Structure formats: C-alpha cells, structure tokens
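# Topology and contacts: notes
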Amino acid sequence: MHKEFLSPSTYATLKFGKQLARLLKPKDIICLLGDLGCGKTVLTKGIAQGLGFGKNAVSSPTFTFLNVYEGKKDLYHFDLYRIESDRELAGIGVEDFLYGQGICVVEWADKLGAFMPKECLKIVITHKAGEKRHMTFYGHGDRGCAILEMIKV
Ligand SMILES: Nc1ncnc2c1ncn2[C@@H]1O[C@H](COP(=O)(O)OP(=O)(O)O)[C@@H](O)[C@H]1O
Ligand SMILES: [Mg+2]
C-alpha cells in the first residue's frame, strides 16, 4: 500500500509538512529520498513549523549531519548528503539519535544503508515540470503503516 501527492508549489509542500507534523509523535522516523533540490529541506521546514519551531528554524546544513531542535517534541533533522559509508554513520553514533527520544526526519535516507530503520514512513520525492513535485509515501513496520494510514492526500 502507498499513497501519492502532487505538490504544485513550495508553499504546498510546506503546508503538507505542517499537516504531517500533526500526525507525528516522539520516536517516529521519516525517511526522505530524492535528488538535490526536490524539496526535502522544504518538507522538513514544514514539519518543523508544524511542531512549533520558528519559520527560520531549519537550515540546510552543509557540514553537519544532524541538527537537533528541542521543543515540546524534539526534532532531529539529519542530512546525510556527505555520508559515504555505514562505518562513517557508526562513527558519528547515528543510532543514538535515530532511536532517541525525538522525531527524526532524515534527508538522503538511502545513505542509511544497514542502519535503515524497520519502522518508518518513507517519502520518495521526484521533480516534475516547473514547481511540481511528486511524493510517494510508503509505510514500513506497524508505526510506519499507521502514519501512512492517517495521511490525507
Ligand atoms: N513543489 C515544491 N516543493 C518543494 N520545493 C519546491 C517546489 N517547487 C519549487 N521548489 C523549490 O525547490 C527547492 C527545493 O530545495 P530543498 O528543499 O533545499 O531541496 P533538497 O533538500 O531536496 O535538496 C527550493 O528552492 C524550493 O523553493
Ligand atoms: Mg536538503
């Protein structure tokens, strides 16, 4: 089972992220997959806004693989663009955060390799013409499927 959403604009992706945030609870993991510029960070910003973080809270970290936002529900924002191996992931203690108390949003989740969580919502984003972005949602494990079920598209 999967669901799909065609976002017509940056604003629509932000808005979708805000709505998605309402479905999330601590320890949930959202895995984002898609090329550079497809809107992973925009979606993460929407999620952050939905969790009550300020409009400018989320940046696109070039040299940090993780940003932690502490709030009513904590948000761990991973950007694994520069990660090259499972060894490197192990070295930075990725599991401590992945299975910590926060809600995890992982950009470039394909880089998780052997650390790919069994329970997560996976979102594959692709570029379409102009500002259009196509998102496909897949639920993995009980919780991933439960989130998928709740998503309204
Ligand atoms: N429908 C859309 N959804 C998300 N971003 C969009 C959309 N249309 C255009 N964009 C633009 O595409 C870029 C996406 O950038 P970003 O979120 O940083 O990508 P990524 O993190 O996937 O590399 C932004 O400049 C954003 O304004
Ligand atoms: Mg990004």
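Here, every reference points to the structure presented above.
Heads up: these notes are all about the structure in this document. Source: prediction; values computed, not measured.

What follows covers the site of ligand 1. Taken together, 15 residues lie around ligand 1, and Thr10, Thr13, Gly37, Lys40 and Glu131 are the ones closest in. Here a nitrogen atom of ligand 1 and a side-chain polar atom of Thr13 are 2.6 Å apart. In the model, an oxygen atom of ligand 1 is placed 3.1 Å from a nitrogen or oxygen of the Glu107 side chain. A total of 570 Å² of accessible area belongs to ligand 1 in isolation, and the protein chains cover 76% of it. Mapped by element, the contributors of at least two residues to the shell around ligand 1 are α1 (10-21) and α2 (40-50). Partitioned by chemical class, the residues of the shell around ligand 1 number three nonpolar, seven polar and five charged.

This paragraph deals with the sheet that holds strand β2 (residues 29-33). A sheet is described by the order of its strands in space; here seven strands give the open sequence β1-β7-β6-β2-β5-β4-β3, paired in mixed fashion. Since the sheet does not close on itself, it has two edges, and those belong to β1 (2-7) and β3 (66-69), each with one partner. Adjacent strand axes in the sheet meet at a mean angle of 15°, parallel and antiparallel pairs treated alike. The pairing of β2 with strand β5 (residues 103-107) spans four bridges and is parallel. Each residue of the ladder has a partner; that of Cys31, found in β5, is Val106. Helix-sheet contacts for α2 involve β2, β4 (75-79), β5, β6 (120-127) and β7 (133-140), and the interaxial angle to β5 is about 165°. On top of the sheet, helix α5 (residues 141-150) reaches β1, β6 and β7; it is set at about 135° to β7, its chief contact.

About the criteria used
Residues numbered from 1 in each chain as written. Chains lettered and ligands numbered in written order. Predicted model: local features only at pLDDT ≥ 70, side-chain atom pairs only at ≥ 80, totals over all residues. Heavy atoms only, no water. Near = heavy atom within 4 Å. Polar contact = N/O pair within 3.5 Å; in protein donor to acceptor, adjacent residues only side chain to side chain. Areas by Shrake-Rupley, 256 points an atom, 1.4 Å probe, with all protein chains shown as cover. Helix = DSSP H or I, 4+ residues; strand = E, 2+ residues; numbered from the N terminus. Nonpolar A, V, L, I, M, F, W, Y, C, P; charged D, E, K, R; others polar. Pairing = 2+ DSSP bridges. Axes fitted to C-alpha atoms, helices over the stretch in contact; angles between N-to-C directions. Contact = heavy atoms within 4.5 Å.

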